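Listed below are the residues making up each chain.
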Amino acid sequence: MQTNDETPIRDTIDRYVEGLRTADIALLRSAFHDHANMFGDFGDDLMAAPIESLFDWAAAELEPGATGADHRVEIEDVEIAGDVALARVYERDFFGGDAREFFTLVRSPDGWRITCKSWATIG
């Protein structure tokens, strides 16, 4: 059963996915805290960058529907401790591949926002 805080956390992650799926940079940006970061594998390399890198890439390279017709996330678990949260997620069919992701979030005056996106490609 979802808590009252879990629903807006899930909505925040949904905005992230929908922003990517539709190439809507404003929607994508609305899911993240201004000082968010991202970490994850890019082939054999570790990517470590401010979230602005994601927005720049999406604005320059992404087109609506390019992530794939079946691109989606499955939120496995949300853990909340006061004004911080962790969401464990499977991102499926992102450009044909899957990733295991961990999102940390913070409750801000504007609602829940992602502060860090970390991932590992799994398929």
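Please read these numbers as outputs of a predicted model, since none were measured by experiment.

So, the sheet that holds strand S1 (residues 32-42)
Taken in spatial order, the six strands line up as S2-S1-S6-S5-S4-S3 in an open sheet, and their pairing is mixed. Only two strands of the sheet have a single partner each, and these edge strands are strand S2 (45-50) and strand S3 (72-81). Adjacent strand axes in the sheet meet at a mean angle of 15 degrees, parallel and antiparallel pairs treated alike. Bridge count for strand S5 (residues 97-108) against strand S6 (residues 111-121) is 10 bridges, and the pairing is antiparallel.

Concerning helix H3 (residues 52-61)
Among the residues of H3, those classed as buried are Leu54, Phe55 and Ala58. Relative to the axis of H3, the buried residues are bounded by an arc of 100 degrees and lie together on one face. Seen from the open side of H3, the exposed residues pointing more than 90 degrees away from its buried face are Ala60 and Glu61. The inward-facing, buried residues of H3 abut helix H1 (6-22), helix H2 (25-30), S1 and S2.

Describing the packing of aromatic side chains
The tally for this structure, following the rule as stated, stands at five aromatic pairs. Each ring, one from Trp57 and one from Phe95, has its centre 6.3 Å from the other, and the planes form 70 degrees; the classification is edge-to-face. You can see Trp57 sitting in helix H3 and its partner Phe95 sitting in the loop between strand S4 (84-94) and S5, a full 38 residues away along the chain. Residue Trp57 is classed as partly exposed on the basis of its relative accessible area, which comes to 32%. For Phe95, a relative accessible area of 46% translates into the label partly exposed.

Analysis parameters
Residues numbered from 1 in each chain as written. Predicted model: local features only at pLDDT ≥ 70, side-chain atom pairs only at ≥ 80, totals over all residues. Heavy atoms only, no water. Pairing = 2+ DSSP bridges. Helix = DSSP H or I, 4+ residues; strand = E, 2+ residues; numbered from the N terminus. Axes fitted to C-alpha atoms, helices over the stretch in contact; angles between N-to-C directions. Buried < 20%, exposed > 50% of the residue type's maximum accessible area, 1.4 Å probe, protein only. Arc of directions from axis to C-beta. Contact = heavy atoms within 4.5 Å. Phe/Tyr/Trp six-rings, centres within 6.5 Å; stacked < 30°, edge-to-face > 60°.

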